[in-house]
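Analysis of the macromolecular model
As a plain string of letters, each chain reads:
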Amino acid sequence: MTAPLLEIDDLRLHFYTRDGVVRAVDGVTYHVKAGETLAVVGESGCGKSVTAQSVLRLVPSPPGRYVSGQIRFQGRNLLDLDMAEMRKLRGAEISMIFQEPMTSLNPVLTVGRQIGETLVLHQGMDQKAAEARAVEMLKLVGIPEPERRVREYPHQLSGGMRQRVMIAMALACNPKLLIADEPTTALDVTIQAQILDLMRELKSRVGAAIILITHDLGVVAEMAERVVVMYAGRKVEEASVDDLFARPRHPYTLGLMGSIPHLGSSLVHNAPPRLAEIQGVVPSLREEIPGCAFAPRCGFATERCGRERPEIEELAPGHFAACFEAERVAAQFAEAAS
Amino acid sequence: MTATALEPTVAAKPAEGRVRRVLRRHPKIVIGGTILLLIALVAIFAPYLATVDPQKVSPARRMRWPQELYWFGTDMMGRDVWSRTLYGTRVSLVVGIGAAALATVGGLALGLITGFIRWADAILMRIMDGLMSIPAVLLAIALMAITQASIQNVIIAIAIAELPRVTRLVRGVVLSLREQPFVEAATAAGTGLAMTMIRHILPNTVAPLLVQGTYVCASAMITEAILSFIGAGTPPIIPSWGNIMSEARSIFQVGWYIVVFPSVFLSITVLSVNLLGDGMRDALDPRLARRM
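Residues numbered from 1 in each chain as written. Chains lettered and ligands numbered in written order. Predicted model: local features only at pLDDT ≥ 70, side-chain atom pairs only at ≥ 80, totals over all residues. Heavy atoms only, no water.

1. Overview of the sheet that holds strand E1 (residues 6–17) of chain A
Residue and element names in this part refer to chain A. Put simply, the rule is: Whether two strands pair comes down to DSSP finding at least two bridges between them. Labels follow the DSSP assignment, with helices taken as runs of H or I lasting at least four residues and strands as runs of E lasting at least two, numbered in each case from the N terminus. Residue contacts are defined here by distance: any two heavy atoms, one from each residue, within 4.5 Å place the two residues in contact. Orientation is described by lines fitted to C-alpha atoms, with helices fitted over the stretch in contact, and by angles between N-to-C directions that extend from 0 to 180 degrees.
Spatial strand order, E2-E1-E4-E5: four strands in an open sheet with antiparallel pairing. The open sheet has two edge strands with one neighbour each: strand E2 (20–32) and strand E5 (76–77). Judged from the eight bridges that link them, E1 and strand E4 (residues 64–73) form a sheet pairing that is antiparallel. Bridge assignment links Phe-15 to a residue of E4, and that residue is Gly-64. Those strands touched by helix H1 (residues 48–55) are E1, E2 and E4, and its axis lies near 110° from that of E1.

What follows is the structure, given as structure tokens:
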């Protein structure tokens, strides 16, 4: 077996703020194989974005500091690279799509110049060749009349088109890894579907691996091959998409699945089944949590969960979870499903 | 699926039409710009419009009231006030535009530095705070006192006095732009710091700077007149509006017209510059608001 494209190994990224240390990423390990789509899910503030940003070393330091761990991309530890080497990688080998298509483009530069920027930077193209390539990229991401659009400014494009432009920018240099940080969150549902379709189509054509950061399990089911579930700066479960949806082994994953509204789960019946939520709030990452971070919100929690932290274990081939009660969780899910 | 039919295409307006539309929507730009253009023409063609050499002293024709030959009358040395006022336009415009340009360029450079480099920010902004605590006119007087009276020094003195405000503005804009996702996106695409500044930060500071520049220009014209009026500005040999007013101060009761004409010119010029600035702010701000 060849080594994975990207390996994040026991990464700890802490923020040293005036009010104390925030353990935003606290020992996260995951990997992405070439050409694979990995989804990272979790609610706001669980560290999923920060982990991905640290791959490109975009986390400002100070206050952020890498306490331990490695991020190996094609065998090289990115945390050891200097800024010049890092810049060579950014946009060329690893690129990123952001959440906000409205503000992720510079309002005073034409779309063509922004797409061309990475090409000029990394492939030494001249302005003219870069613009020709930009037209090509716009065509690839399905923007009509690319020859005209390439000379337009971001405010002349709709949100969906801007996200397409962002994708064109990210893929211009044929990167090996694409990090998509909630690429569809800011878009409305129909455009979301289009963008996801586009990403899937381009992925098969370009062959890039994708890290898809999202909190939408629907998106996960549609796009990903493997899933990492994060909670409070840690990985709590990792499995292939099929395994995860068929047999979740962490109560948090179960909670996430329970809080998706289903079509037909009507509220007009006599005893309307209330949409399940996960009780409580995400714990503060400032304090050291002795036991399982999810225990205070967990229906399965025992006295042991408050004392001892469950380590992540391989419970089935390729299926990891960090929970003492994993089998009970899986059993309950199976029971509820049948 | 390519599914792009849903997104409407926006028809691009021809550039000419766009300019005309902006002008129609912002009459302040038209009015201020027109007056300023006329004043600039007066300054350029002063030698042709002036009836008499502005420096020519004719003791025999002192203190004449405005009349056919001397439109604005003559002063206590028999110099033609009309011609002197016209030439004064040159001083005012040169000082106004020069100081505005200098303060804008300097403020832009300092603002970019303070916006990006933390330790420089701490030091430079304290200096700027110190400069700002001194009234601009007072600071300009102090600077003129330690240098020689010349138009060049007046421009530099006023520019230094105006510098803190421009720096503050640019710093604020840079600080808010830095946090914009498109700057992070540029970093994520491998753009270096210098390139990010030039391509992504700088063009976005142009609009607010342009507006601020006009205000600095108006303020510089007034400061120049004040400096000249109290004898700390343009050398007395050059006819500037402040100088004309200053010389006529002692004979104000008999020859008030000598003071009135240059001050009316000064007021109109400053007003037109401010109108232009207001109009530009109105025209540029909506886009600014949408962006930030």
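Having seen the model, we can carry on.
2. With respect to the sheet that holds strand E11 (residues 313–316) of chain A
All names here are of chain A. What the eight strands build is an open sheet, ordered E6-E7-E8-E3-E9-E10-E12-E11; its pairing is mixed. The open sheet is flanked by strand E6 (94–97) and E11, the only strands paired with a single partner. The average undirected angle you get between the axes of adjacent strands in this sheet is 25°.

3. Considering a nonpolar patch on the surface
Residues and elements named next belong to chain B. Using the following cut-off: Residues enter a patch when their relative accessible area is above 30% and they make no salt bridge; the linking distance is 9 Å between like charges and 5 Å between nonpolar side chains (Val, Leu, Ile, Met, Phe, Trp, Tyr). Accessible surface is estimated by sampling points in the Shrake-Rupley manner with a 1.4 Å probe; for residues, cover comes only from the protein chains shown. Here, a salt bridge means any side-chain nitrogen of Lys or Arg that lies within 4 Å of a carboxyl oxygen of Asp or Glu.
Together, Leu-37, Leu-38, Leu-41, Ile-44, Phe-45, Tyr-48 and Leu-49 make up an exposed nonpolar region whose accessible area comes to about 750 Å². The greatest single-element share of the nonpolar patch, amounting to four residues, is contributed by helix H2 (residues 27–44). By the element assignment, Leu-37 lies in helix H2.

4. Thoughts on the interface of chain B and chain A
Note the following rule: Once two parts are brought into contact, the accessible area they lose, counted with a 1.4 Å probe and summed over both, makes up the buried area. A 3.5 Å cut-off defines polar contacts: any pair of N or O atoms within that distance qualifies, except that in protein one atom must be a possible hydrogen donor and the other a possible acceptor, and neighbouring residues in sequence count only when both atoms are side-chain atoms. Polar here means any residue other than Ala, Val, Leu, Ile, Met, Phe, Trp, Tyr, Cys and Pro, which are nonpolar, and Asp, Glu, Lys and Arg, which are charged; Gly is therefore polar.
The partner chain A presents 39 residues to the 27 residues of chain B that form the contact. Taken together, both faces of the contact between chain B and chain A bury some 2,800 Å²; the carbon and sulfur share is 55%. The interface formed by chain B and chain A holds one salt bridge in total. Here Arg199(B) ties to Glu117(A) by a salt bridge, and the two come within 3.9 Å at their closest N and O atoms. Counting across the interface, chain B meets chain A through eight residue pairs in polar contact (both at pLDDT 80 or more). Among the elements of the structure, helix H8 (181–188), helix H9 (193–229) and helix H11 (256–291) of chain B are those that each provide at least two residues to the side of chain B that touches chain A. Residue classes in the side of chain B that touches chain A are distributed as 12 nonpolar, 10 polar and five charged.

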